[in-house]
Amino acid sequence: MKRTVYAADKVGFHILHTLFQTSMKYDRIHRFDEYFVTSLIVDGGACAGVVAMNLRGGTMVAIQGKATILATGGCGRVYEFTTNGFIKTGDGMALAYRAGVPLKDMEMVQFHPTCLPGTGILITEAARGEGGYLVNKDGERYMQRYLPSKMELGPRDILSRAMIQEMKAGRAFEGPYGLYMGLDLRHLGAKKINERIPMVRELVEKYMGLDPIHELIPVRPGQHYIMGGVSTNGKGETTLPGLYAVGETACVSINGANRLGSNSLSECLVFGAACGLAAAGFAKKKASYPRGAAAREALKKEEARVFDGVLGRERAKETVAGLRVEMQQLMERDVGIFREESALADACGMLGKMRDRFAAVGLADKDRVFNTELTAVLELDFMLDVALAIAHSARNRRESRGAHSRTDFPQRDDANYLKHTLAFRTDGPPRIDYVPVTVTKWQPVERKY
Amino acid sequence: MAASDVVFRVKRYRPESGGRPTFQEYTIPYRSDMVVLDGLNYIKDHIDPTLTFRWSCRMGICGSCGADVNGQPRLTCGTYVRDVHKGAVTVEPLSNFPILKDLVVDFDDFLRKLASVTPYIVRKDWGDLTKEYVQYPEDVEAYRQQSLCINCMLCYAACPVFGSSPEFVGPAASALALRYNRDTRDEGADARLARLNTRTGVWECTFVGECSVVCPKDVDPAAAIQTLKFLATMRHMRRLLMPGSSSR
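None of the values given here were measured: they were computed from a predicted structure.

Q: Please give an account of the domain arrangement of chain B that cites residues and values.
A: Residues and elements named next belong to chain B. Per the domain assignment, the segments of chain B are domain 1 (5–105) and domain 2 (108–241). Centre-to-centre, using C-alpha coordinates, domain 1 lies 30 Å away from domain 2. Counting residues at the interface gives 15 residues for domain 1, matched by 15 residues for domain 2. Regarding the contact of domain 1 and domain 2, the summed buried area is about 1100 Å², with carbon and sulfur atoms giving 68% of it. Taken together, domain 1 and domain 2 are joined by 0 salt bridges. Our count for the domain 1 to domain 2 interface comes out at 4 residue pairs in polar contact (both at pLDDT 80 or more). Mapped onto the side of domain 1 that touches domain 2, the elements with two or more residues apiece are strand 3 (66–69) and strand 4 (72–75). In terms of residue count, the dominant contributor to the side of domain 1 that touches domain 2 is strand 4 (4 residues).

Q: Requested: an account of the interface of chain B and chain A, with residues and values cited.
A: With 45 residues of chain B in contact, the opposing surface of chain A contributes 43 residues. Counting the surface lost from both chain B and chain A, the interface buries some 3600 Å², and carbon and sulfur atoms represent 53% of this. Joining chain B to chain A, the criterion identifies 9 salt bridges. Between chain B and chain A we count 24 residue pairs in polar contact (both at pLDDT 80 or more) in total. At the level of elements, helix 1 (36–47), strand 6 (99–101), helix 3 (108–116) and helix 7 (171–181) of chain B are the ones that each hand at least two residues to the side of chain B that touches chain A. No other element matches helix 3 of chain B, which puts 4 residues into the side of chain B that touches chain A. Across the side of chain B that touches chain A, the residue classes break down as 26 nonpolar, 7 polar and 12 charged.

Q: Requested: an account of the sheet that holds strand 15 (residues 431–436) of chain A, with residues and values cited.
A: Residues and elements named next belong to chain A. Taken in spatial order, the 5 strands make up an open sheet running 13-11-5-14-15, and their pairing is mixed. Looking at the sheet topology across the chains shown, the edges are occupied by strand 13 (250–251) and strand 15. Looking at chain direction, strand 14 (residues 419–424) and strand 15 are connected through 6 bridges and run antiparallel. Paired with F424 across the bridge in strand 15 is R431. Sheet strands in contact with helix 2 (residues 91–98) are strand 5 (103–104), strand 11 (229–231) and strand 14, and its direction is about 35 degrees off that of strand 11. In this fold helix 12 (residues 372–396) packs onto strand 5, strand 14 and strand 15, with an angle of close to 60 degrees to the strand it touches most, strand 15.

Q: Summarise the nonpolar core; cite the residues concerned and give the values.
A: Core analysis: the largest hydrophobic core is formed by 178 residues, its most contacted members being M327, L351 and I390 of chain A together with F8 of chain B. Per-element accounting of this core gives the leading share, 15 residues, to helix 12 of chain A. For I390 of chain A, the contacting residues outside a window of four places in its chain are C75, V78, Y79, M106, E107, V109, I226, M331 and V335 of chain A.

Q: Provide a residue-level description of the packing of aromatic side chains, including the pertinent values.
A: Counting across every chain of the model gives 12 aromatic pairs over all chains. Taken together, a centroid distance of 6.2 Å and an interplanar angle of 70 degrees make the contact between Y244 of chain A and F282 of chain A edge-to-face. Of this pair, Y244 of chain A sits in strand 12 (residues 243–245) while F282 of chain A sits in helix 8 (residues 263–285), and the two are 38 residues apart along the sequence. F282 of chain A sits in the partly exposed class, given a relative accessible area of 23%. A network of ring pairs unites the aromatic residues F97, F110, Y156 and F162 of chain B as a single cluster. Above the plane of the ring of F307 of chain A lies R368 of chain A, whose end atom (NZ or CZ) is 3.9 Å from the centre.

Q: So, the packing of helix 9 (residues 292–310) of chain A against helix 12 of chain A: which residues are in play, and what are the values?
A: Residues and elements named next belong to chain A. Remark: helix 9 packs on helix 12, axes separated minimally by 12 Å, with the N-to-C direction vectors making an angle of 120 degrees. Regarding the angle of helix 9 to helix 12, the classification is oblique. Pair helix 9 / helix 12 crosses with right-handed handedness. Contact residues: R305, V306, F307 and V310 in helix 9; L374, V377, L378 and D381 in helix 12. When grouped by side-chain class, the residues that make up the contact of helix 9 with helix 12 number 6 nonpolar, no polar and 2 charged.

Q: Describe the domain arrangement of chain A, naming the residues involved and giving the relevant values.
A: All names here are of chain A. According to the domain assignment, chain A consists of domain 1 (33–108 + 227–449) and domain 2 (112–220). Each of domain 1 and domain 2 has a C-alpha centre, and these two points are 31 Å apart. A buried area of about 1300 Å², summed over both sides, lies between domain 1 and domain 2, and 65% of it is on carbon and sulfur atoms. It is F81, F338 and Y449 that lose the most area in domain 1 upon contact with domain 2, and together they represent 47% of the buried surface on that side. Inspection of the region where domain 1 meets domain 2 yields 2 salt bridges. Ionic pairing is found between E332 and R220, a salt bridge with its closest N-O pair at 3.8 Å. For the interface between domain 1 and domain 2, the tally reads 4 residue pairs in polar contact (both at pLDDT 80 or more).

Cut-offs applied
- Residues numbered from 1 in each chain as written.
- Chains lettered and ligands numbered in written order.
- Predicted model: local features only at pLDDT ≥ 70, side-chain atom pairs only at ≥ 80, totals over all residues.
- Heavy atoms only, no water.
- Domains from an automatic or database assignment.
- Contact = heavy atoms within 4.5 Å.
- Buried area = accessible area lost by both parts, 1.4 Å probe.
- Salt bridge = Lys/Arg side-chain N within 4 Å of Asp/Glu carboxyl O.
- Polar contact = N/O pair within 3.5 Å; in protein donor to acceptor, adjacent residues only side chain to side chain.
- Helix = DSSP H or I, 4+ residues; strand = E, 2+ residues; numbered from the N terminus.
- Nonpolar A, V, L, I, M, F, W, Y, C, P; charged D, E, K, R; others polar.
- Pairing = 2+ DSSP bridges.
- Axes fitted to C-alpha atoms, helices over the stretch in contact; angles between N-to-C directions.
- Core = buried A, V, L, I, M, F, W, Y, C linked by side-chain atoms within 4.5 Å.
- Buried < 20%, exposed > 50% of the residue type's maximum accessible area, 1.4 Å probe, protein only.
- Phe/Tyr/Trp six-rings, centres within 6.5 Å; stacked < 30°, edge-to-face > 60°.
- Lys NZ or Arg CZ within 6 Å of the ring centre and 35° of its normal.
- Parallel < 35°, antiparallel > 145°, perpendicular 65-115°, else oblique.
- Left-handed = near helix turned anticlockwise from the far one by under 90°.

Set out below in C-alpha cells:
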C-alpha cells in the first residue's frame, strides 16, 4: 500500500487552491483577508476569539467566537536558512503559548537536505525518490560512507548530517553562498524529469539558471519543518477550552522526532477534518455566545500595546531587520543540525538578552494602514518566544533522537528521555516539563537501516 | 553611484499622508543574481523601512509579489535585475487595480470575479463520499494547465479590456471556469457558460493575448477564453436546437 498520494510534485499547491476555491461555495464562511492576529481573547478560562489588526483599515478589532482554530503553519523564519515563506513566523504557536498553552517537542526541528543555496528554495524529496544521486565535489555518491543500505533514500536528518560532515571533511563544492553538495538527476533523462518532477526543473531553471537535465543541482541542508508545536490531541484540542490547533502549528505527535515526507498532508487533510469537526461540535454544544466584556477589554489592551506602545517607539539603533538577522544566525549556528551544551547555553542566554533588547526596537513607519514594518516587529516578537522555546527544549534534552542531534550526547536514551517536552511561557525563561509518550502498537526499537 | 550599484525608482503612495503617487529613487548594491524582490527587501531592511509591498514565498508559488517592473506586470521574485536593468529599474503597483499603499493593491474585486465562475466541483448527487472519484491521467491532463494559476493577477494588470471595462470577468477567472468545465467529476458546466455568456463575460475579450504573455505559470488564459467562446456558442446553438439539453 502506498503511504501517500500525489498531484505530481505540487500536492500542497493543489490542496491549497482546491480548498480555497471550494470555500467560495459557502456563503457563511466569512474570510477576513489581511487581518493580523495579535492576541487571543481568554474569558473565564476559555478562548473566546481573537484580537486582530485590520491591515487595510489600520484598525484593531475583536473577533469573537465560541471556538478558535489556529492554522498558521510553521516557524521556519526563526532560522536564517529555511525553505519556509517569509510569513512563517510561528504566530499561532506564540499566540497559544502566551495564553498559557504549552508548546510540545519544540526541539524537534527538521532540516531538509536539498535546498538551493542563497534562496533556500526546496528541491523535493521526489527528486531522490525518482532516482537522483547526491554527490560530493569528487563526484562520489558519498552516502555510501554514512548509510550504504539506503543511500539517497535515507531519512532527512541523516542525509542533512552527512552533508555537514562532508562539508567539514573538505569534500563539498564552494560557491558564492558557501559550501554545497551536488544533486545529480542527469541519468534520469529528460522524459522522466519532465513527467515526474516538473516543478524541480522549473525551479532550478528559474532560480539557479541551470537545467537539471544537463547539470548538477547545487544543494545544502536548510530548516524545513518543525515537528513540535502547540500541544494538541488527535482532535486538535488544546489545554485551553475552545482553542484548537492543526497542521504544522500543532503538535499532535504523529511526527515524533522526525517527520516523514508527506505526513504534513495527513496533518492538513486527516487532522484538519478531525479538528474542524471537533471545533464545530464544541461550538454547537456551547449554549451562550462569549460575553462582550472580555473582548472589549482585550481590544483596549491590544490597542494600547500595539498602537500606543510598539508603534509609538521611535526608530533608534535597534532595528527590526537587524535584530531579526541576529536571532536567525544565532539559531542557525547554535540550535541547528548539530547541537551541544555550551552552544545551547549560549543561545539561551543570547535569546534572553534579545528579548530585552526587543523593547528598544523602534519604527520609522508611523502609519496605521498596511504598516508592514509594524507587522514585522510583531512577528519578531512572536519569533523570539518560539526561538526561546526551541533553544530551552533542545538544551534540556540531553540525548540524540531523530532530528535532535547532540554531539555531546550522541546516543538515544529511552530510560530518561522517552517522553515529550512541554515548554510553558513564564516572564523569564520557559519552564520545561515532560509528559510520557503513549506507546500503542509499535514498540520503540533501535533505529537501524 | 558606484559601478556595482543599481537605481530602483519605486512608486510611492501613502494614504495617510494624502497627495498623489510619487516616485522615489533608491541606490542599492547590485549582484548579478539578484531579483527585483531582493532589491525591494534590501531597501526595506537597510534604507527605508516604510516602503510597503507584499511577498512571502520568493519562489513563484504564492503569487503575492506582483508589480509592474519597467512597465510590465511581473512577479518581482522571478524577475532578475540583470534582465530588466536599463540604467534604473522602475517598480510600480500592478496596473488597473486601486492602490492601497505603495506597491500594495486591492484584490477584493479579483476575488469576487473568481467566486463568480463557481470555482468548485458541482454535482447533483455526490453519491458515496467514502469512495474515491477515480480519474485517469488523461482526465487530469484535460484541465492541468488551467489548474496551475497562482492568483497573482498579472493577467489583469496586462489586460487592456479590464483596464477600460472593470466589470469584465477577466483572464484568470475565465481560465478557472474552463478548469472546472473540463473536470470529469463536474456537472456545473452549463451554469458557468451561462455566466460567461453575459455582458461582462468572455465576449468582452478582444484577444489581445497580453494575459498569456505575462502569465508566469503558462496557464494561457487567452486560449482558455477563446475555447470558452466556442463552448458558449455551442451551448447557445444546442439550446436553440435541443431545448432542455445541457453542456458537458
